Amino acid sequence: MKVVVVESPAKAKTINKYLGKDYEVLASFGHIRDLPAKDGSVRPDEDFAMSWVVDTAAKKRISDIASALKGADGLILATDPDREGEAISWHILDVLRAKKALKKDTSVQRVVFNAITKDAVTAAMAAPRDIDMPLVDAYLARRALDYLVGFTLSPILWRKLPGSRSAGRVQSVALRLVSDREREIEKFKADEYWSVEAQLAQGGKSFLARLFAVDGKKTDKLDVKTGDDAAALKKLIEAGQFNVANVEKKPTKRNPYAPFTTSSLQQDASSRLGLSPNRTMQIAQRLYEDGLITYMRTDAVQMAPEGIAMARSVIEKYFGEEYLPEKARIYQSKAKNAQEAHEAIRPTDMFKRPESLSLDADQSKLYGLIWKRTLASQMASAEIDRTTVDIAVNVPSRAVTLRATGSVVKFPGFLTLYGVEAKADNDSEGDEEGRELPPLAVGDKPELKKVDIEQHFTQPPARYSEASLIKKMEELGIGRPSTYAATLTTLKDRDYVKLEGKALHPEDRGRIVTSFLESFFSRYVEYDFTAHLEEQL
């Protein structure tokens, strides 16, 4: 018999079912030990020696594993396929050896699988390896660094800013992003501008045209500064004759997005489903443990060849050959410091449609989001005809041009999966997507219905939402996929930021902490410092 150690009991139950009676599968319940929060847990002068303490709750689980090993002829460490999973396996093995729970002839193997399916588990068992020590060393370096930064700065915060806690390496930089944005908003001065829009008709069908140019000069959004200027332009347009000067029809293609990474899943689940990053990861963890999706902590956008082949089969079956590109789509990550150790998040069996599974409401929604995104990533592009019409307003001594834009989806491609949701996918196109213009040709003289002018004010930069903060952290190379949700939770739990609606507001305490660190420990809250450390690690 062999003892298999995984991280969670749900995972243990599923894997035990696949492996059978020759294996005993036990759960470690995640990490079993940590650095105690006291001085000396990391000692730089002793080649960064580290003192670990086994968690009280983990002692029984370690004893259970040790007991099971007494009659076993092998130990298989099958924790998650990432750096944290590798570290957990190393911790378990280190503690078992210290307890002398392993016989000299007991074999120790490490296996990893990106999905909890019978095929994936069986394939992993057939290809064991040793613990990846460079990966463990990378974990230890991060853990030591986080401890030294946090434990060095936190006591200073406690003394100087009573009630303030931990100044974690990633957490402090994320807090600075939120605080800096608030500073931008406070400094912002709104500018007034006016929009000028005409409602025209051709052949009995109305359409909208915006002011585009005056006296041959293209008008920027902010060019019409006052109500008087807007009223003068309105009067000018109302007195003019209209003539279609140019019609440009341009066929374009809209390509699907890459499959989900941890970051993009959290962002999409927040914007589409209203789920917090922490809740998204809880649901994804359950879907993974139930064998429905691949591993949910990843920064890779590539799919395994068998995943691509399955997606193409599903597309052909459910949508038809015309929705299948001639060649499979291959994606490359644009994220800074992406490791791409394993594949993107996808359903393990794409023939399992969301509506065919017995899931709770949130699980069904998130699985549906992943299912759609995965299939869409391998579907044909949407084909769209975009039409731009320039309309000359003939008035004495002035040259005014209006522009009308519209688009018609000629072939929906991957958009067929999303329906009306597709409009939200691209804000710059959302206001014209599906807006069809009447047939217009050069020389046509459309009829004016009315001219509207409206006052506007420029808006300050938007506060970060949880999704947009994660996106910014990813762009800057701050943190890892496994830390985003935990970082946001920590900032909220310590009253450094608060969530109002979807917007993150820095609390006074958070802004004071940021100012303090910027004034006295600026290097630790520099974006480049943390990103550069990620590159080195």
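A brief look at the structure comes next. (Residues numbered from 1 in each chain as written. Predicted model: local features only at pLDDT ≥ 70, side-chain atom pairs only at ≥ 80, totals over all residues. Heavy atoms only, no water.)

### Some thoughts on the overall build of the chain
Okay, so step 1: Summing up its helical and strand segments, the chain has 16 helices and 17 strands in all.
Okay, so step 2: Considered along the principal axes of its C-alpha atoms, the chain spans approximately 100 × 65 × 35 Å.
Okay, so step 3: Burial status across the chain gives 50% buried among its 537 residues.
Okay, so step 4: Counting only contacts in the chain whose residues sit at least 6 apart along the sequence, the fraction spanning at least 24 positions is 76%.
Okay, so step 5: Of the roughly 26100 Å² that the chain leaves accessible, carbon and sulfur atoms contribute 49%.
Okay, so step 6: Distance from the positive charge centre (80 side chains) to the negative charge centre (79 side chains) of the chain: 2 Å. (Helix = DSSP H or I, 4+ residues; strand = E, 2+ residues; numbered from the N terminus. Buried < 20%, exposed > 50% of the residue type's maximum accessible area, 1.4 Å probe, protein only. Contact = heavy atoms within 4.5 Å. Areas by Shrake-Rupley, 256 points an atom, 1.4 Å probe, with all protein chains shown as cover. Lys, Arg positive; Asp, Glu negative; His and termini not counted. Charge placed at Lys NZ, Arg CZ, Asp CG, Glu CD.)

### Considering the pattern of salt bridges
Okay, so step 1: Throughout the structure, instances matching the rule amount to 27 salt bridges.
Okay, so step 2: Close ionic contact of Glu518 with Arg176 constitutes a salt bridge, the shortest N to O distance being 3.0 Å. Here Glu518, found in helix H15 (residues 508–520), pairs with Arg176, found in helix H6 (residues 169–187); they are 342 residues apart in sequence, far enough to count as distant.
Okay, so step 3: For Glu518, a relative accessible area of 24% corresponds to the partly exposed category. (Salt bridge = Lys/Arg side-chain N within 4 Å of Asp/Glu carboxyl O.)

### A short note on the environment of Arg463
Okay, so step 1: Within the secondary structure layout, Arg463 lies in the loop between strand S15 (447–457) and helix H13 (466–476).
Okay, so step 2: According to the relative accessible area criterion, Arg463 is partly exposed, its value standing at 31%.
Okay, so step 3: Along the backbone, Arg463 and Ser195 are 268 residues apart, and their C-alpha atoms lie at a distance of 25 Å.
Okay, so step 4: Not counting chain neighbours up to four residues away, the residues in contact with Arg463 comprise Arg181, Glu182, Ile185, Ala503, Leu504 and His505.

### Some points on unusual backbone geometry
Okay, so step 1: One non-glycine residue, Asp215, lies in positive phi territory at about 55 degrees.
Okay, so step 2: Within the secondary structure, Asp215 sits in the loop between strand S10 (205–214) and strand S11 (217–218).
Okay, so step 3: For Asp215, a relative accessible area of 45% translates into the label partly exposed.
Okay, so step 4: Phi at Asp495 is positive, roughly 60 degrees, even though this residue is not glycine.
Okay, so step 5: Topologically, Asp495 is positioned in the loop between helix H14 (484–493) and strand S16 (497–500).

### Re the nonpolar core
Okay, so step 1: By size, the foremost hydrophobic cluster in this structure holds 54 residues, and its most contacted members are Val4, Ile15, Phe113, Ile293, Met296, Leu366 and Leu375.
Okay, so step 2: Of all the elements in the fold, those that place two or more residues in this core are strand S1 (2–6), helix H1 (9–19), strand S2 (23–27), helix H4 (118–125), helix H8 (262–273), helix H9 (277–289), helix H10 (305–319) and helix H11 (361–377).
Okay, so step 3: Ranked by residue count, the leading element in this core is H11, at seven residues.
Okay, so step 4: Not counting the four nearest positions on each side in its chain, Ile15 is found in contact with Val6, Val25, Phe113, Ile116 and Val121.
Okay, so step 5: Counting 32 residues, the second-largest nonpolar core is a separate cluster that includes Leu35, Ala72, Leu77 and Tyr139. (Core = buried A, V, L, I, M, F, W, Y, C linked by side-chain atoms within 4.5 Å.)

### Structural notes on the environment of Ser482
Okay, so step 1: Counting through the fold element by element, Ser482 comes out in the loop between H13 and H14.
Okay, so step 2: Judged by its relative accessible area of 31%, Ser482 is partly exposed.
Okay, so step 3: Sequence separation of Ser482 and Arg83 is 399 residues, and the distance between their C-alpha atoms is 9.5 Å.

### Quick word on the environment of Lys60
Okay, so step 1: Relative to the elements of secondary structure, Lys60 occurs in helix H2 (residues 56–69).
Okay, so step 2: In this structure Lys60 comes out as exposed when scored by relative accessible area, which is 56%.
Okay, so step 3: A C-alpha to C-alpha distance of 42 Å links Lys60 and Glu526, two positions 466 residues apart in sequence.

### Side note on the pairing of S10
Okay, so step 1: Sheet topology places strand S9 (residues 192–202) next to S10; six bridges connect them, and they run antiparallel. Looking at the pairing, Glu197 lines up with Arg210 of S10.
Okay, so step 2: Counting the residues that bridge the hairpin from S9 to S10 gives two residues, and of these Gly203 lies at a positive phi of roughly 60 degrees.
Okay, so step 3: The pairing of S10 with strand S14 (residues 398–411) spans four bridges and is antiparallel. Among the inter-strand pairings, Val214 is bridged to a residue of S14, identified as Val400.
Okay, so step 4: With two bridges joining them, S10 and S11 adopt antiparallel strand pairing. When the bridges of S11 are listed, Val214 appears paired with Lys217.
Okay, so step 5: The antiparallel hairpin formed by S10 and S11 contains two residues in its connecting segment, where Asp215 sits at a positive phi of about 55 degrees. (Pairing = 2+ DSSP bridges.)

### A closer look at the packing of H6 against H14
Okay, so step 1: Put simply, H6 and H14 touch, their axes get as near as 10 Å, and they point 70 degrees apart. One way to sum up the angle between H6 and H14 is to call them roughly perpendicular. As H6 runs across H14, the sense of the crossing is right-handed. On the side of H6, the interface is formed by Val170, Gln171, Ala174 and Leu175, while H14 contributes Thr487, Thr490 and Leu491.
Okay, so step 2: Each residue belonging to the contact of H6 with H14 can be placed in one class, and the counts come to four nonpolar, three polar and no charged. (Axes fitted to C-alpha atoms, helices over the stretch in contact; angles between N-to-C directions. Parallel < 35°, antiparallel > 145°, perpendicular 65-115°, else oblique. Left-handed = near helix turned anticlockwise from the far one by under 90°. Nonpolar A, V, L, I, M, F, W, Y, C, P; charged D, E, K, R; others polar.)

### Let's talk about the packing of H9 against H14
Okay, so step 1: Following both chains from N to C, one finds H9 and H14 inclined at 140 degrees, their axes separated by 8 Å at the closest point. Compared by their axis directions, H9 and H14 come out oblique. In terms of crossing hand, the pair formed by H9 and H14 is left-handed. Counted together, Pro277, Asn278 and Met281 of H9 and Ala485, Leu488 and Thr489 of H14 form the full contact between these two elements.
Okay, so step 2: When grouped by side-chain class, the residues that make up the contact of H9 with H14 number four nonpolar, two polar and no charged.

### What to know about the packing of aromatic side chains
Okay, so step 1: All told, the structure shown has six aromatic pairs when counted by the stated rule.
Okay, so step 2: Between Phe319 and Tyr323 the ring centres are 6.1 Å apart and the planes differ by 55 degrees, which places this aromatic pair in the tilted class.
Okay, so step 3: For Tyr323, a relative accessible area of 12% gives the class buried.
Okay, so step 4: Here the aromatic residues Trp52, Trp90 and Tyr139 are joined through ring pairs into a cluster of three or more.
Okay, so step 5: A cation sits over an aromatic face here: Arg181 above Tyr464, 4.2 Å from the ring centre. (Phe/Tyr/Trp six-rings, centres within 6.5 Å; stacked < 30°, edge-to-face > 60°. Lys NZ or Arg CZ within 6 Å of the ring centre and 35° of its normal.)

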